[in-house]
Amino acid sequence: MMDLGRLRALHAVAVHGSVGGAAAALGFTPSAVSQQIAKLERETRTVLLERQGRGVVLTDAARELAATAQAVLGLVERAEVRLEEQRGQAVGRLTVAAFATGARGLMPGVLTDLRTRCPDLDVRLLESDPYPAADLVARGEVDLALVQDWPTVPLPVQEGLSRLDLGPDPVDLLLPAGHPLAGLSVVPVGRLREQRWISVPPGNICHDWLVRTLREAGEEPDVHYRVGEFETQIALIAAGLGVGLVPRLGRGVLPSGVVARPVVPEPARRVFALWRSQASRRPAITEALGALQARWAARGREVTATER
C-alpha cells in the first residue's frame, strides 16, 4: 500500500514544478522530499522523476500517479473535516498562505491567537502572492489563503472556493520630504504623472494597478526600480530615487526624510480570505477566520486612534 505522505510529496512536486518548491510548500527540506519520492519509486517499482538540466521533471507515470494522489488527498480532507466536525475541536494541521504585507502586518497576531485558543492545531504559514495563493487553495495545497486585489484588477477566484471580506487597505503615495508633492495635504491622481516610480515587478497585483491607473490618466508609467519588498522601496524613496505607492498594512514606521500623502480618489486594496467551500464547517477554518476578523478589527481601531 502506498504511503499517503509520499503521495502528498509527489503531488506537491507536480503542483510546484520542483522539489524545492514542494519542500517550501510542505514545510520540509528538499532532501526530505527527495527521500519521500525515492521511497515511493521503490514502493511502486516505477521511475517518477527524471533529471533535466539542474532540475527534475515528472515521468508520464508520475503525472498519472499525481492526479490520482490529488483525488485521494481530497477524499482524506473530506474525512478529516467530518471527524473534526464530530469532535467540534480544531485539530490537525492548517496551512495558511498570506501575501507579504499581510503576513507581516496581520498574521503574527492571528498565529498567536490560534496557538492560545487551539493548542492542538498545528498551523503552518507560507508567504505567497495572491495569484499563486488562490491556485494553491483550489488545488488543496493550502487550507486557507489571505489575499488581496483591487476593484479594477480583481483576483480570479475559482469555483468551489469561499471568501471572507476583511476590508480595504488604503494605499498612500510615499515620497522624499523635499519632493514638490510633499507640500500637498492630499495628492490628486492626476498629479501622479511624470514621476520616477519605484514599484513591485510586473505580474504583481499592485504593479498591475499602478500601470492601469496611470494609463487611464494618459501616461505610461516610468518605472525605474522594480523591487518585490516594500521595505526596499521605502529605502530607495528615502535615498531620493523616486516615489512609490505603498499600502498601510504591515508598513511600519517610515524613516526620516520620507513622507506619506493620501491620494484622491483614495486607492485601496481589498483584503480577504479564501478557502475550499467543502471545508467551511471544519473547526480549524472557522477558528482561523474568527482570528483574522478579530485582528483586522483591532488593527482598524489602532489606525483610527493613531490618526486622531
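Here the structure is a predicted model, which is why all the values come from computation and not from measurement.

Draft legend 1. Representation of the pattern of salt bridges in the model. The tally for this structure, following the rule as stated, stands at 17 salt bridges. With a shortest N-O distance of 2.1 Å, glutamate 43 and arginine 6 are connected by a salt bridge. Residue glutamate 43 is located in helix α3 (residues 30-44), and its partner arginine 6 is located in helix α1 (residues 4-16); the two are separated by 37 residues in the primary sequence. Classification of arginine 6 by relative accessible area gives buried; the value is 18%. When the shortest N-O distance is used, the salt bridge between arginine 295 and aspartate 113 registers 2.8 Å. Taken together, the residues span a long stretch of sequence, with arginine 295 in helix α10 (residues 283-307) and aspartate 113 in helix α6 (residues 107-117) at a distance of 182 residues.

Draft legend 2. Here's a closer look at unusual backbone geometry. Here the bond from valine 264 into proline 265 is cis, since omega is -10°, no more than 30 degrees from zero. For proline 265, the location among the structural elements is in the loop between β11 (258-264) and β12 (268-276). You will see that arginine 45, though not glycine, has its phi angle at about 55°, which is positive. Relative to the elements of secondary structure, arginine 45 occurs in the loop between α3 and β1 (49-52).

Draft legend 3. Structural context of the environment of valine 258. Take valine 258: it is sitting in strand β11. By relative accessible area, which is 8% here, valine 258 ends up buried. Taking the C-alpha atoms as reference points, valine 258 and valine 246, separated by twelve residues in sequence, lie 12 Å from one another. Filtering out sequence-adjacent residues up to four positions away, valine 258 remains in contact with Leu174, Leu175, Ile234, Ile237 and Ala238.

Draft legend 4. Region of interest: the packing of helix α2 (residues 19-26) against α3. Interaxial distance between α2 and α3 falls to 8 Å at its minimum, and their mutual angle equals 105°. By the angle between their directions, the pair α2 and α3 is classed as roughly perpendicular. From α2, Val19, Gly20, Ala22, Ala23 and Leu26 reach across to α3, where they touch Pro30, Val33 and Ser34. Per-class residue counts for the contact of α2 with α3 are six nonpolar, two polar and no charged.

Draft legend 5. Representation of α3. Counted at 1.5 Å a residue, the expected span for α3 with its 15 residues is 21 Å, and the 21 Å between its end C-alpha atoms agrees. Immediately downstream of α3, the backbone of arginine 45 shows phi near 55°, a positive value.

Draft legend 6. Up close: the environment of isoleucine 237. Mapped onto the elements, isoleucine 237 comes out in helix α9 (residues 230-238). Sequence spacing of isoleucine 237 and proline 255 is 18 residues, and the spatial spacing of their C-alpha atoms is 9.8 Å. In this structure, isoleucine 237 is in contact with Leu174, Leu175, Pro176, Ile198, Gly242, Val243, Gly244 and Val258, ignoring residues within four places of it in sequence.

Draft legend 7. Structural context of the environment of valine 227. On the secondary structure map, valine 227 appears in the loop between β9 (222-226) and α9. Through-space distance from the C-alpha of valine 227 to that of aspartate 129 is 14 Å; in sequence the pair is 98 residues apart.

Draft legend 8. Representation of the packing of aromatic side chains. Scanning all chains against the criterion turns up one aromatic pair. We note arginine 163 situated over the ring of phenylalanine 272; from NZ or CZ to the ring centre the distance is 3.7 Å. If you follow arginine 299 out to its NZ or CZ, it ends over the ring of tryptophan 296, 4.8 Å from the centre.

Draft legend 9. Expanded view of the pairing of β9. With four bridges connecting them, strand β8 (residues 196-199) and β9 associate as parallel partners. Following the sheet pairing, arginine 196 is matched in β9 by aspartate 222. Assessed by its sense of winding, the connection that carries the chain from β8 through helix α8 (residues 205-216) to β9 is right-handed.

Draft legend 10. Spatial organisation of the nonpolar core. Counting residues in each nonpolar core, the largest one holds 45 residues, and the members touching the most others are Leu173, Leu192, Trp197 and Leu245. When near neighbours in sequence (up to four residues on either side) are disregarded, leucine 192 contacts Leu173, Val187, Trp197, Leu214, Glu219 and Val263. Formed by 29 residues, the second largest nonpolar core is a distinct cluster that contains Ala90, Leu94, Ala279 and Ala284.

What counts, and at which threshold
Residues numbered from 1 in each chain as written. Predicted model: local features only at pLDDT ≥ 70, side-chain atom pairs only at ≥ 80, totals over all residues. Heavy atoms only, no water. Salt bridge = Lys/Arg side-chain N within 4 Å of Asp/Glu carboxyl O. Helix = DSSP H or I, 4+ residues; strand = E, 2+ residues; numbered from the N terminus. Buried < 20%, exposed > 50% of the residue type's maximum accessible area, 1.4 Å probe, protein only. Contact = heavy atoms within 4.5 Å. Axes fitted to C-alpha atoms, helices over the stretch in contact; angles between N-to-C directions. Parallel < 35°, antiparallel > 145°, perpendicular 65-115°, else oblique. Nonpolar A, V, L, I, M, F, W, Y, C, P; charged D, E, K, R; others polar. Expected span 1.5 Å × (residues − 1). Phe/Tyr/Trp six-rings, centres within 6.5 Å; stacked < 30°, edge-to-face > 60°. Lys NZ or Arg CZ within 6 Å of the ring centre and 35° of its normal. Pairing = 2+ DSSP bridges. Right-handed = clockwise from strand over helix to strand, strands pointing away. Core = buried A, V, L, I, M, F, W, Y, C linked by side-chain atoms within 4.5 Å.

Purely geometric stuff here, so don't read any function into it on its own.
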